Amino acid sequence: MEKIRIELTKEKKQKPADQSKLGFGNYYTDHMFIMNYDEGQGWHDPRIVPYQNIALDPAAMCLHYGQEVFEGLKAYRTKKGEILLFRPDRNMARMNKSNERLCIPEFDEEFAVEAIKELVKVDEDWIPTAEGTSLYIRPFIFAVDPHVGVHPAHHLLFVIILSPVGAYYPEGLNPVKIYVEDNYVRAVKGGIGFAKTGGNYAASLKAQDEASKQGYTQVLWLDGVERKYIEEVGTMNVFFVIDDEVITPELQGSILSGVTRMSCIDILRSWGLKVSERRLSIDEVAQAAKEGRLKEAFGSGTAAVISPIGELKWGDEVMKINNGEIGEISQKLYDNLSGIQWGDIEDTFGWTVKVK
Ligand SMILES: *Cc1c(COP(=O)(O)O)cnc(C)c1O
């Protein structure tokens, strides 16, 4: 790949003064990364430029047919002042898997990790320092051919933007209420469920909206064929602790392979716990709940790390989990994983990558 050209901004933005009010996705830094794909030329002209609007032809294909993919990871500021990324190679590998499914040309993964590092270095004074805060990194690729006809694009843009984000749990981990969705589905085998692409989110909005109107934080997705097997929770992977087995749905094509998910599995196994990646039906969960064998449930994802589930509503059934309180395994996993990410706990797995 070519060298990344850097054009620094002449007008630095005002940074948000109160790091306890950052929230998620409300602020963007001074710079962005961008590179072009043009058929015949491949990916070219990688550059870091001032954060700015992107001009698109109204016929740009991404606006009509949703040919796009994205990723989400974070840069963490350690107490020693270092900057860490968490398994960025996994995100870039997953992005190329999404690309393959969406007919988007692959890019060089090592180069993309370097681009992330360069951009984070340029905007490093945007990385917040308060407990639990981080710099969210959003790489995305979209089709720009001006053509209202359906075909894989010949012209695309790869962009990376950065957003300082707040602590997900300013008051500690809070178990959430989840609605088991048995009407709408998110994805089916053979579709695009395993790819990180906007279409999956568009498909999820309606269910999410109806659940939140009823007072639920997220929906638990069931499989699209039988509405029976558990898939994911909202935009997170999901784990259940039944007796002494930790269970997460196997990756069978409609579930996203979370970096947090795979890291949780490795940590849990390193503790000697039994972890199964297998089919898990909602009936099995309900039965275990009835018999007092459902000990814990939690979601896993980059934004929240671990999100404990305190209650599941499935039709007329309400399942309280661990009295609506955070379970021991959920808490310990959160402490460990977030400890590694923020550099407070030694990373014996070799997952973190130092930016500087
Ligand atoms: C991004 C995402 C996840 C979580 O993946 P992480 O790599 O752990 O952040 C889970 N499910 C869906 C649908 C996602 O888009």
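Residues numbered from 1 in each chain as written. Predicted model: local features only at pLDDT ≥ 70, side-chain atom pairs only at ≥ 80, totals over all residues. Heavy atoms only, no water.

Visitor: So what about the overall build of the chain? Which residues, and what values?
Guide: Helix and strand counts for the chain come out as 7 helices and 18 strands. Expressed as lengths along the three principal axes of its C-alpha atoms, the size of the chain is roughly 60 × 50 × 35 Å. For the chain, the residues scored as buried account for 53% of the 356 residues in total. Carbon and sulfur atoms make up 48% of the accessible area of the chain, which amounts to about 16,200 Å² in all. Taking the 41 positively charged and 53 negatively charged side chains of the chain as two groups, their mean positions are separated by 2 Å. (Helix = DSSP H or I, 4+ residues; strand = E, 2+ residues; numbered from the N terminus. Buried < 20%, exposed > 50% of the residue type's maximum accessible area, 1.4 Å probe, protein only. Areas by Shrake-Rupley, 256 points an atom, 1.4 Å probe, with all protein chains shown as cover. Lys, Arg positive; Asp, Glu negative; His and termini not counted. Charge placed at Lys NZ, Arg CZ, Asp CG, Glu CD.)

Visitor: Lay out the packing of helix 5 (residues 259-270) against helix 7 (residues 328-341) in plain terms, naming residues and giving numbers.
Guide: Close contact between helix 5 and helix 7 brings their axes to 11 Å; oriented N to C, the two are set at 110 degrees. Here helix 5 lies roughly perpendicular to helix 7, going by the angle between them. As helix 5 packs across helix 7, the resulting crossing turns out to be right-handed. For the pair formed by helix 5 and helix 7, the contact residues are Thr 260, Ser 263, Cys 264, Ile 267 and Leu 268 on the first element and Ile 329, Leu 333, Leu 337 and Ile 340 on the second. Looking at the contact of helix 5 with helix 7 residue by residue, the classes come out as 7 nonpolar, 2 polar and no charged. (Axes fitted to C-alpha atoms, helices over the stretch in contact; angles between N-to-C directions. Parallel < 35°, antiparallel > 145°, perpendicular 65-115°, else oblique. Left-handed = near helix turned anticlockwise from the far one by under 90°. Contact = heavy atoms within 4.5 Å. Nonpolar A, V, L, I, M, F, W, Y, C, P; charged D, E, K, R; others polar.)

Visitor: Kindly report on the site of the ligand, identifying the contributing residues and their values.
Guide: With respect to spatial proximity, 14 residues lie near the ligand, and among them Lys 196, Tyr 201, Glu 232, Thr 260 and Thr 302 are the closest. A distance of 2.8 Å separates an oxygen atom of the ligand from a polar atom in the side chain of Arg 94. Contacts to the ligand include Thr 235, whose backbone N or O atom sits 3.4 Å from a nitrogen atom. In isolation the ligand exposes 380 Å². Once the protein is present, 96% of that is buried. Residue classes in the shell around the ligand are distributed as 4 nonpolar, 6 polar and 4 charged. (Near = heavy atom within 4 Å. Polar contact = N/O pair within 3.5 Å; in protein donor to acceptor, adjacent residues only side chain to side chain.)

Visitor: Report on the pattern of salt bridges, specifying residues and quantitative values.
Guide: All told, the structure shown has 21 salt bridges when counted by the stated rule. A salt bridge links Lys 354 to Glu 82, with the nearest nitrogen and oxygen atoms 3.3 Å apart. Taken together, the residues Lys 354 in strand 18 (residues 352-354) and Glu 82 in the loop between strand 5 (73-77) and strand 6 (83-86) connect sequence positions 272 residues apart. Here Lys 354 falls in the exposed class, since its relative accessible area comes to 51%. As a salt-bridge pair, Lys 320 and Glu 311 come within 3.6 Å of each other at their nearest N and O atoms. Classification of Lys 320 by relative accessible area gives exposed; the value is 55%. Three or more residues are tied together by salt bridges with common partners; here these are Arg 5, Asp 45 and Arg 47. (Salt bridge = Lys/Arg side-chain N within 4 Å of Asp/Glu carboxyl O.)

Purely geometric stuff here, so don't read any function into it on its own.
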